[in-house]
Amino acid sequence: MEGVSTSAEDDAGTERTVRPGRRLGVDVGAVRIGVAVCDPDGMLATPVETVSAGDGDLARLAELAAEYAVVETVLGLPRSLSGAEGPAAAKARAFADRLAGKIQPIPVRLVDERLTTVTATRGLRESGVRGRKSRAVVDQAAAVVILQNALDTERASGRPPGTLVGLGQGSADDGAAPVKESE
């Protein structure tokens, strides 16, 4: 492998690229919020930290967005395996709307997060991280999976992943962090 590129070619020979710039990946849970970031070329997502859900969570995410000078935030949208949205998805949408208001003009995108926690937990287990240690980093690992999937999707399709959050389009602000259906 001579060099790493942020572009790929599809079957027709059309080159696909990822928009430049760092992105923040966010996995919101009832108790913790996992955060990841990618490199400026949009190649690789890495864990950043776990933020406590509740008071101050939006402010901390805004600080991280500024610290890493991100061009976009990607937030996981929990759906059932069938693709249906339940109460957790409604809460995630409301959280995404509040986050978009807090970090504007940085755009927030909602991306499908089906099986990300399962994938993250399996990866941690396979690397030897178990028990309490696992719980402490599984949210960060899930944020990495969410962000990496978004980057890979954009690279494969040539289009930004997920759906853009428009201010004022989320659910009512109940102040509670979303609860993933699997928690």
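Just above sits the structure.
As the structure is a prediction and not an experimental result, all values here were calculated from the model. (Residues numbered from 1 in each chain as written. Predicted model: local features only at pLDDT ≥ 70, side-chain atom pairs only at ≥ 80, totals over all residues. Heavy atoms only, no water.)

(A) Quick look at the pattern of salt bridges. Inspection of every chain in the model, using the stated rule, returns 10 salt bridges. A salt bridge links Glu 72 to Arg 19; the shortest N-O distance between them is 2.9 Å. In this pair, Glu 72 sits in strand E6 (residues 72–77) while Arg 19 sits in the loop between strand E2 (15–17) and strand E3 (23–28), placing the two residues 53 residues apart along the sequence. A relative accessible area of 2% means that Glu 72 is categorised as buried. (Salt bridge = Lys/Arg side-chain N within 4 Å of Asp/Glu carboxyl O. Helix = DSSP H or I, 4+ residues; strand = E, 2+ residues; numbered from the N terminus. Buried < 20%, exposed > 50% of the residue type's maximum accessible area, 1.4 Å probe, protein only.)

(B) Structural detail: the sheet that holds strand E8 (residues 163–164). A sheet is described by the order of its strands in space; here 6 strands give the open sequence E5-E4-E3-E6-E7-E8, paired in mixed fashion. Of all strands in the sheet, those bounded by a partner on one side alone are strand E5 (45–52) and E8. Two strands pair when backbone bridges link them, and strand E7 (residues 108–112) and E8 are joined in this way by 2 bridges, in the antiparallel orientation. Residue pairing in the sheet places Arg 109 in a bridge with Leu 164 of E8. Each of E3, strand E4 (32–38) and E5 touches helix H1 (residues 57–67); the most contacted strand, E5, lies at about 150 degrees to it. (Pairing = 2+ DSSP bridges. Contact = heavy atoms within 4.5 Å. Axes fitted to C-alpha atoms, helices over the stretch in contact; angles between N-to-C directions.)

(C) Representation of the nonpolar core. Formed by 26 residues in total, the largest nonpolar core has its most connected members in Leu 24, Ile 33, Leu 61, Leu 75 and Val 108. At the level of elements, E3, E4, H1, E6, helix H2 (87–103) and E7 are the ones that each hand at least two residues to this core. No other element matches H2, which puts 7 residues into this core. With sequence-adjacent residues up to four places away left out, Leu 75 is seen in contact with Val 26, Val 28, Ala 92, Phe 95, Ala 96, Leu 99, Val 108, Arg 109, Leu 110 and Val 111. (Core = buried A, V, L, I, M, F, W, Y, C linked by side-chain atoms within 4.5 Å.)

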